[in-house]
Amino acid sequence: MSEKEFIDFFKMLFDEDFSDELTMDTEFRYLDDWCSFMGAAFIADMGKLGKSFSPLDMKQSETLGDLYKLYLTK
């Protein structure tokens, strides 16, 4: 999955369209609709792709780029 595909995948967690473009530098926890449920949904969706993310992985990540780096190593 490319960076763009990863960002598009991440956007699918949200019910709204983003007026600002998400980048690898976006601090996902500061997005308006971000909550622990969104983190759980992300972990579950990654599991469907065969990628095992943990709550600790989410806690230690700050940006979409951090999550993408983890994605590449899983």
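Thresholds, definitions, all that
Residues numbered from 1 in each chain as written. Predicted model: local features only at pLDDT ≥ 70, side-chain atom pairs only at ≥ 80, totals over all residues. Heavy atoms only, no water. Phe/Tyr/Trp six-rings, centres within 6.5 Å; stacked < 30°, edge-to-face > 60°. Helix = DSSP H or I, 4+ residues; strand = E, 2+ residues; numbered from the N terminus. Buried < 20%, exposed > 50% of the residue type's maximum accessible area, 1.4 Å probe, protein only. Salt bridge = Lys/Arg side-chain N within 4 Å of Asp/Glu carboxyl O. Axes fitted to C-alpha atoms, helices over the stretch in contact; angles between N-to-C directions. Parallel < 35°, antiparallel > 145°, perpendicular 65-115°, else oblique. Left-handed = near helix turned anticlockwise from the far one by under 90°. Contact = heavy atoms within 4.5 Å. Nonpolar A, V, L, I, M, F, W, Y, C, P; charged D, E, K, R; others polar.

Engineer: Before we go on, may I ask you to explain the packing of aromatic side chains in this structure?
Structural biologist: Where two aromatic rings form a pair, the distance of their centres and the angle of their planes describe that pair. Inspection of every chain in the model, using the stated rule, returns nine aromatic pairs. Between the aromatic rings of Phe10 and Trp34, the centroid separation amounts to 5.8 Å while the plane-to-plane angle is 15 degrees, which identifies the pairing as stacked. You can see Phe10 sitting in helix 1 (residues 3-11) and its partner Trp34 sitting in the loop between helix 1 and helix 2 (36-48), a full 24 residues away along the chain. The exposure class of Trp34 is buried, given its relative accessible area of 16%.

Engineer: What's the story with the pattern of salt bridges in this structure? I'm lost.
Structural biologist: Pairing between side chains of opposite charge can happen when the charged atoms of each approach one another. Tallying each qualifying case throughout the model produces four salt bridges. In this structure, the salt-bridge partner of Glu21 is Lys11, at a minimum N-O distance of 3.5 Å. With a gap of ten residues between them, Glu21 in the loop between helix 1 and helix 2 and Lys11 in helix 1 connect regions that are remote in the sequence. When its relative accessible area of 21% is taken as the criterion, Lys11 is described as partly exposed.

Engineer: What is the right way to look at the packing of helix 1 against helix 2 in this model?
Structural biologist: Helix-helix packing is described using two parameters, namely the angle between the two axes and the distance between the axes. Contact geometry of helix 1 with helix 2 gives a least axis separation of 11 Å together with a crossing angle of 130 degrees. Taken together, the axes of helix 1 and helix 2 are oblique relative to one another. Helix-helix and strand crossings are classified by hand; for helix 1 and helix 2 the assignment is right-handed. Contact residues: helix 1 offers Phe6, Phe9 and Phe10, while helix 2 offers Phe42, Asp45 and Met46. Its residues assigned to classes, the contact of helix 1 with helix 2 shows five nonpolar, no polar and one charged.

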